[in-house]
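Analysis of the macromolecular model
Residue-level listing of the chains:
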Amino acid sequence: MRVLVIGKGGREHALCWRLNQSPSVWKLFCTIGNPGINSLATPVPIEPNDIHKLAEFARQEKIDLTVVGPEEPLTLGIADEFAARGLTLIGPSKAAAQLEASKSFAKQIMCEAGVPTAAFAVFDDIEQARGYVRDLNRPLVVKADGLAAGKGVSVCDGPAAALAAIDAAMERQVFGAAGKRVVIEERLSGQELSFFALCDGKNALALGMAQDHKPIFDGDRGPNTGGMGAYSPVPQFDAGLEERIMGEVVRPTLDVMASRGCPFRGVLFVGLMVDGARLNVLEFNVRLGDPECEALMMRLEGDLAAALLAAARGDLSAEHLSLSARSAVAVVLASGGYPGNYEKGLPITGLESIEGGAPSDVKVRWAMEQVRVKVFHAGTASRSGRLVTDGGRVLVASALAPKLKDAAAAAYQAADMIEFSGKHLRRDIAGKALGALQT
Ligand code: AMP
Ligand code: GLY
């Protein structure tokens, strides 16, 4: 089939890389592209949010399946636009994408579906929000209702911080319209986990779990980023957890969405807090995570394109996907200054010496440990034939190995072979799991 991938980062490079290995794919396109993606897919010079032009392109090029990476086109209604033209796309409708675009909508669905989540209240009125925080006088989390580029959530120790967060969102409107309404919820503790399920509106296939590392610095310190690294599986959680998440979260959510007339087709990303046997949903997203996708794509087995097509057509029942028992680790190499301001256009070296050209001692070790290494491009560009930085998250050094510790060592070895001025990475990706495995 002819497949179009929408998006232009590390997640989309990983998707293209995996789709390229699907027996059913014979031609791949990707919007905008980057030097990594362009080695696998024909670049399409249409921005991911230009949903009308993309639909026109898909019609002209007789695209059999369109796969959407980021949330924005989905919340703009790309699935509806494609459906209206009889084009096949995997991703939820605008109505179903509300699960990510509105935190109050997501909470309502969770309540109706009996999905475990933190106790909460929703406010459109700033005085009522302030009163609620003063009355409760305990650690709370204040969330802008709408999309705020990952910055709309404030985890607060006490009422002073919560009141400041309410002021920022509702009075100073630092998140624009996204913060006119806020969700205020109980602050939970535990370990965070990302879980993914491919859904056809009624049924779901588990795509596995991963753990992200959102803060910029080691030990989860500093401001939040889009994600500084991920690994999968997450061995500190037992195998029963996946079945629980499917049974207690994914299936009831699909049932409620269907009964409301907005069935969910696409990848449901469940952000969870797990504390012993207690699990709570923090948020839903309506797409794969980045960099979780990079780790998952290293492990995924089976014909991904065929499964995505079946889900898009509304019948996953005959499909199987499995994940390798091996472990994947994905380490993000970021620009100096990210998630704040950073420079672009800095030359990147060392990549050529990883895939294929690694020094013989490194190659021998990777072969002995049965390690597979892949570097995904997130924010890179080609200028006068040179590879340069072009974003906050630049590259994602990823490795797959029978043992998590070998995957982490190989991902870091690859990360250390790549150089660009200001390169920043976290040194503790998969650290929570490796610590847990040792104890
Ligand atoms: P969200 O966008 O809702 O996933 O929130 C972003 C981050 O805020 C999460 O990854 C958590 O680290 C944190 N967070 C969100 N909700 C809570 C909560 N109820 N308790 C503690 N931390 C939370
Ligand atoms: N890594 C978190 C996200 O994609 O939202």
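Structure: see above.
An account of the accompanying structure is given in this report. Per chain, the residues get numbers from 1 upward, laid out in the order the sequence is written. To read the labels, note that chains go from A and ligands from 1, taken in the order they are written. pLDDT decides what is reported in this predicted model: residues at 70 or higher carry local features, side-chain atom pairs at 80 or more are listed and counted, and totals for whole chains, interfaces and linings draw on all residues regardless. Hydrogens are left out, water is left out, and the side-chain values use all remaining heavy atoms of the structure.

**A short note on the overall build of the protein chain**
Only runs of H or I of at least four residues qualify as helices and only runs of E of at least two qualify as strands under DSSP, and these elements are numbered from the N terminus. In terms of helices and strands, the protein chain carries 14 helices and 23 strands. Atoms counted for the radius of gyration: C-alpha only. Globule rule: 2.2 Å times residue count to the power 0.38. In terms of overall size, the protein chain behaves like a compact globule, its C-alpha atoms giving a radius of gyration of 21 Å where 439 residues would be expected to give roughly 22 Å. Oriented by its inertia axes, the alpha-carbon framework of the protein chain measures out at about 65 × 50 × 45 Å. Exposed residues in this analysis have more than 50% of their type's maximum accessible area, buried residues have under 20%, and partly exposed residues fall in between, with area computed by a 1.4 Å probe over protein chains only. Across the 439 residues in the protein chain, those meeting the buried criterion constitute 58%. Contact between two residues is taken to exist if any of their heavy atoms lie within 4.5 Å; hydrogens are not considered. A sequence separation of at least 24 residues applies to 69% of the contacts in the protein chain between residues at least 6 apart. For every accessible area listed, the method is Shrake-Rupley and the probe measures 1.4 Å; residues are considered covered only by the protein chains on display. Accessible surface for the protein chain amounts to roughly 17500 Å². Of this, 50% is attributable to carbon and sulfur atoms. Mean positive and mean negative side-chain charge positions of the protein chain (47 and 51 charges, respectively) differ by 3 Å. Neither His nor the chain ends contribute to the count of charged residues, in which Lys and Arg are positive and Asp and Glu negative. The location of each charge is read from NZ of Lys, CZ of Arg, CG of Asp or CD of Glu.

**Comments concerning the site of ligand 1**
In the region of ligand 1, 14 residues are neighbours, and Lys143, Glu185, Leu188, Glu192 and Glu283 sit closest. Contacts to ligand 1 include lysine 103, whose side-chain N or O atom sits 3.2 Å from an oxygen atom. Side-chain polar atom of lysine 143 to an oxygen atom of ligand 1: 2.9 Å apart, as the coordinates give it. Put simply, a residue is near a molecule or strand once any heavy atom of it comes within 4 Å of that molecule or strand. In protein, a polar contact means a hydrogen-donor-capable atom and an acceptor-capable atom, both N or O and within 3.5 Å, with residues adjacent in sequence counting only if both atoms are side-chain atoms; elsewhere, any N or O pair within 3.5 Å suffices.

**With respect to the site of ligand 2**
Every residue lining ligand 2 is accounted for by Asp212, Gly226, Phe269, Arg287, Gly289, Asp290, Pro291 and Glu292. One of the backbone N or O atoms of aspartate 290 is found 2.9 Å from a nitrogen atom in ligand 2. The contact in question runs from a nitrogen atom of ligand 2 to an N or O atom on the side chain of glutamate 292, over 2.8 Å. Its free accessible area being 190 Å², ligand 2 has 87% of it covered by the protein chains. Across the shell around ligand 2, the residue classes tally to two nonpolar, two polar and four charged. Residues are grouped as follows: nonpolar covers Ala, Val, Leu, Ile, Met, Phe, Trp, Tyr, Cys and Pro; charged covers Asp, Glu, Lys and Arg; every other residue, Gly included, is treated as polar.

**What about the sheet that holds strand β1 (residues 2–6)?**
Only when DSSP finds a minimum of two bridges between them are two strands counted as paired. In space, the five strands of this open sheet follow the order β3-β2-β1-β4-β5, with parallel pairing throughout. Looking at the sheet topology across the chains shown, the edges are occupied by β3 (42–44) and β5 (89–90). Together, β4 (65–68) and β5 form the strand contacts of helix α11 (residues 304–313), whose direction differs from that of β4 by roughly 95°. To get an axis, fit a line to the C-alpha atoms, keeping to the stretch in contact for a helix; angles then go from 0 to 180 degrees between the N-to-C directions.

**Digging into the pairing of β4**
Burial along β4 is two-sided: the residues Leu65 and Val67 and Thr66 and Val68 are all buried. Pairing geometry for β4 and β5, over two bridges, is parallel. Paired with threonine 66 across the strands is leucine 89, a residue of β5.

**Concerning the pairing of strand β22 (residues 386–389)**
Here four bridges tie strand β21 (residues 380–383) to β22, and the two strands are oriented antiparallel to one another. Its bridge partner lying in β22, serine 382 is registered against leucine 387. Here β21 folds back onto β22 in antiparallel fashion, the turn holding two residues, of which serine 384 has a positive phi close to 50°.

**Details of the packing of helix α1 (residues 10–19) against α11**
Look at α1 against α11: their axes get within 8 Å of each other, and the N-to-C directions meet at 105°. For the element pair α1 / α11, the angle class is roughly perpendicular. Judged by residue contacts, Leu15, Arg18 and Leu19 of α1 engage Leu304, Ala305 and Leu308 from α11. Residues belonging to the contact of α1 with α11 are distributed by class as follows: five nonpolar, no polar and one charged. By definition in this entry, angles of less than 35 degrees are roughly parallel, angles greater than 145 are roughly antiparallel, angles of 65 to 115 are roughly perpendicular, and the rest are oblique.

**Observations concerning the nonpolar core**
Among buried residues, the Ala, Val, Leu, Ile, Met, Phe, Trp, Tyr and Cys ones that are joined through side-chain atoms within 4.5 Å form a nonpolar core. Counting residues in each nonpolar core, the largest one holds 87 residues, and the members touching the most others are Leu99, Ile245, Val250, Val329 and Trp366. With nine residues, the top contributor of residues to this core is helix α13 (residues 404–417). When neighbours within four sequence positions are excluded, valine 329 is seen to be in contact with Ala230, Tyr231, Ala397, Ser398, Ala399, Leu404, Ala407, Ala408, Ala411, Ile429 and Ala430. In this structure, Val3, Trp17, Cys293 and Leu304 belong to the second largest nonpolar core, which totals 51 residues.

**Quick word on the pattern of salt bridges**
Here, a salt bridge means any Lys or Arg side-chain nitrogen found within 4 Å of an Asp or Glu carboxyl oxygen. Enumeration according to the criterion identifies 28 salt bridges in this entry. The partner of arginine 130 in a salt bridge is glutamate 127, with the nearest N and O atoms 2.6 Å apart. Within this pair, arginine 130 and its partner glutamate 127 are both found in helix α7 (residues 126–136), separated by three residues, close to a single helical turn. Here arginine 130 falls in the buried class, since its relative accessible area comes to 13%. A salt bridge links arginine 130 to glutamate 171, with the shortest nitrogen-to-oxygen separation between them at 3.5 Å. Placement of arginine 130 in helix α7 and of glutamate 171 in helix α8 (residues 159–171) is noted, with a sequence separation of 41 residues between them. In this structure, a network of salt bridges that share partners links the residues Glu56, Arg59, Glu81 and Arg85.

**With respect to the packing of helix α12 (residues 360–368) against α13**
For the pair α12 and α13, interaxial distance at closest approach is 12 Å and the crossing angle is 160°. Taken together, the axes of α12 and α13 are roughly antiparallel relative to one another. Where α12 crosses over α13, the two elements pack in a sense that is left-handed. On α13, the residues touching Val362, Arg365 and Trp366 of α12 are Ala410, Gln413, Ala414 and Met417. Here a crossing is taken to be left-handed if its near helix is turned anticlockwise relative to the far helix by less than a right angle, and right-handed if that turn runs clockwise.

**Side note on α13**
Across its 14 residues, α13 extends 20 Å between first and last C-alpha, which sits within 8% of the 20 Å expected from 1.5 Å per residue. Most of α13 sits out of view: 11 of its 14 residues are buried. Burial in α13 covers these residues: Leu404, Asp406, Ala407, Ala408, Ala410, Ala411, Tyr412, Gln413, Ala414, Ala415 and Met417. Expected span of a helix: the number of residues minus one, times 1.5 Å.

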